[in-house]
Amino acid sequence: MGRHIHVIGIGAGDPDYVTVQAIEALNDTQVFFAMDKGEAKSDLVALRREVCARFIREPGYRFVELPDPKRSTGPDYREGVSDWHAARARVWASAIATELGADGVGAFLAWGDPSLYDSTLRILDAVAAEVEFTLDVIPGITAVQALTARHRIPLNEVGEPVLITTGRRLREHGLAGSAVVMLDGDCSFQACPPDTKIWWGAYLGTTDELLVAGTVGEVGPRIAALRADARARHGWIMDTYLLRPAD
Ligand SMILES: C[S@@+](CC[C@H](N)C(=O)[O-])C[C@H]1O[C@@H](n2cnc3c(N)ncnc32)[C@H](O)[C@@H]1O
């Protein structure tokens, strides 16, 4: 048998996004490992606990909070991230070794889907060098799918590709074709031509959800203002948007 870890995609906001497969994995888990990301993100930790409370039929499980090592903010972004992942891997390896019995089942809950801008699988890869365990991955509804569903739009144009990128890369490379932008703290769409179409969503799938659609010229300033206001009120924000160049 040996130790087993589920990496469970829990969807990007609405507990109703949790799949039947995820519910089975939640019910199979004895120990949930959760990263402690500090006060600002405590709403997100609370949502994870809500998912467990709602879907687990016999609550014999435990939560183990993993302290999140500090991320260095040096000039080399990739090097900073890779040192940070290595530090996390050490913390996770020791928690898995001490908190899970020889045949124990643990889980990491990944926001949305674990394949998309999520480091859980990469870190567990490094952890596997230190502790032995088997692993499976349960897919979840991503913020991209939540965004297109709430705006009731297709993601791609007929036969066309879509790029999924970050605000930083949008600023560096500009827009060529349709692109979904995530992890953007700076409203980077503002640098796009004013006739660029935008479908924006924040706190998707939650009761605080915000949706705006139009062109960058028409709705860009409103999105920037809404975003700043919501961020100040909640202390954090997660937003995603789809851009398409004008026809
Ligand atoms: C670290 S990534 C995680 C993405 C996640 N794994 C997924 O499948 O959607 C976090 C980014 O996802 C987007 N995001 C996640 N949840 C969201 C939500 N409920 N509403 C809007 N954007 C969201 C935001 O762009 C945020 O900066």
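Residue numbers here run from 1 along each chain, matching the order of that chain's written sequence. Local features in this predicted model are restricted to residues whose pLDDT is 70 or higher, and side-chain atom pairs enter the listing and the counts only when it is 80 or higher, whereas totals over whole chains, interfaces and linings include all residues. Heavy atoms throughout the structure, all of them, feed into the side-chain values; hydrogens and water do not.

### Describing the overall build of the chain
Consideration 1: Put simply, DSSP H or I for four residues or longer makes a helix, DSSP E for two residues or longer makes a strand, and each gets a number counted from the N terminus. Each helix and strand in the chain was counted, giving seven helices and 10 strands.
Consideration 2: Only C-alpha atoms enter the radius of gyration; for comparison, a globular chain is expected to reach 2.2 Å times N to the power 0.38, where N is the number of residues. Compactness check: the chain gives a C-alpha radius of gyration of 19 Å against a globular reference of 18 Å for 247 residues, within 12% of the reference.
Consideration 3: Each of the three principal axes of the chain carries a C-alpha extent, and together these read 60 × 40 × 40 Å.
Consideration 4: A simple rule labels every residue: compare its accessible area, found with a 1.4 Å probe on the protein chains alone, to the largest value its type can have, and call it buried under 20%, exposed over 50%, or partly exposed in between. Split into buried and exposed, the 247 residues of the chain put 47% on the buried side.
Consideration 5: The contacts in the chain between residues at least 6 apart in sequence include a share of 72% that link residues at least 24 apart.
Consideration 6: Total accessible area on the chain stands at roughly 12800 Å², and carbon and sulfur atoms take up 51% of it.
Consideration 7: For the purpose of counting charges, residues Lys and Arg are taken to be positive, whereas Asp and Glu are taken to be negative. His and the chain ends are not included. Charge positions are represented by NZ for Lys, CZ for Arg, CG for Asp and CD for Glu. Positive and negative charge centroids in the chain, built from 25 and 34 side chains respectively, lie 3 Å apart. For this analysis, residues touch if any pair of their heavy atoms sits within 4.5 Å. Accessible areas in this description were obtained via Shrake-Rupley with a 1.4 Å probe; residue shielding takes into account the shown protein chains only.

### Examining unusual backbone geometry
Consideration 1: At leucine 183, a residue that is not glycine, the phi angle is positive and equals roughly 50°.
Consideration 2: Along the chain, leucine 183 falls in the loop between strand S7 (178–182) and strand S8 (197–202).
Consideration 3: Under the relative-accessibility criterion, leucine 183 is labelled exposed at 59%.

### Some details on the side chain of threonine 196
Consideration 1: Mapped onto the elements of the fold, threonine 196 is located in the loop between S7 and S8.
Consideration 2: Among the polar contacts listed, one links the side chain of threonine 196 to the backbone oxygen of proline 193, at a separation of 2.6 Å.
Consideration 3: If near-sequence neighbours (up to four positions away) are discounted, threonine 196 is found in contact with Leu175, Gly214, Thr215, Val216, Leu243, Arg244, Pro245 and Ala246. N or O atoms closer than or at 3.5 Å make up a polar contact, with two conditions inside protein: a donor-capable atom paired with an acceptor-capable one, and, for residues adjacent in sequence, both atoms drawn from side chains.

### Observations concerning the nonpolar core
Considering soluble globular proteins, one finds that nonpolar side chains tend to be buried as a cluster.
Consideration 1: Grouped together as the largest cluster of nonpolar side chains are 50 residues, with contacts concentrated most on Ile8, Leu26, Ile198 and Leu243.
Consideration 2: Looking at this core, the element that brings in the most residues is helix H2 (residues 42–55), giving five residues.
Consideration 3: With sequence-adjacent residues up to four places away left out, isoleucine 198 is seen in contact with Phe189, Val212, Ala213, Gly214, Thr215, Val216, Val219, Ile223, Tyr241, Leu242 and Leu243.
Consideration 4: In plain words, nonpolar cores are sets of buried Ala, Val, Leu, Ile, Met, Phe, Trp, Tyr and Cys residues tied together by side-chain atoms within 4.5 Å. Membership of the second largest hydrophobic core comes to 18 residues, among which are Ala95, Phe108, Val127 and Phe133.

### Things to note about the layout of surface pockets
Consideration 1: Approximately 180 Å³ is the volume attributed to the second largest pocket.
Consideration 2: Within this scheme a cavity is a closed region of a 1 Å grid, computed over the protein atoms alone, that accommodates a 1.4 Å probe without allowing it to escape, whereas a pocket is open but has protein on both sides within 12 Å along at least five of seven lines; lining residues each have an atom within 4 Å of a point. Every residue lining the second largest pocket is listed: Gly13, Pro15, Asp43, Leu47, Glu50, Tyr203, Gly205, Thr206, Thr207, Asp208, His234 and Trp236.
Consideration 3: No other element matches H2, which puts three residues into the lining of the second largest pocket.
Consideration 4: Classes in brief: Ala, Val, Leu, Ile, Met, Phe, Trp, Tyr, Cys and Pro nonpolar; Asp, Glu, Lys and Arg charged; the others, Gly included, polar. In terms of residue class, the lining of the second largest pocket is built from four nonpolar, five polar and three charged. Grid points are joined across faces, edges and corners, and a volume is the space filled by probe spheres set on the points.

### Observations concerning the pairing of strand S6 (residues 162–166)
Consideration 1: Strand pairing is assigned whenever DSSP identifies at least 2 bridges connecting the two strands. Examined bridge by bridge, S6 and S7 share five bridges and lie parallel to one another. Its bridge partner lying in S7, isoleucine 164 is registered against valine 180.
Consideration 2: Consider the strands pointing away from the viewer: the crossover is right-handed when the path from the first strand over the helix to the second runs clockwise. As a crossover connection, the stretch from S6 through helix H6 (residues 167–173) into S7 is right-handed.

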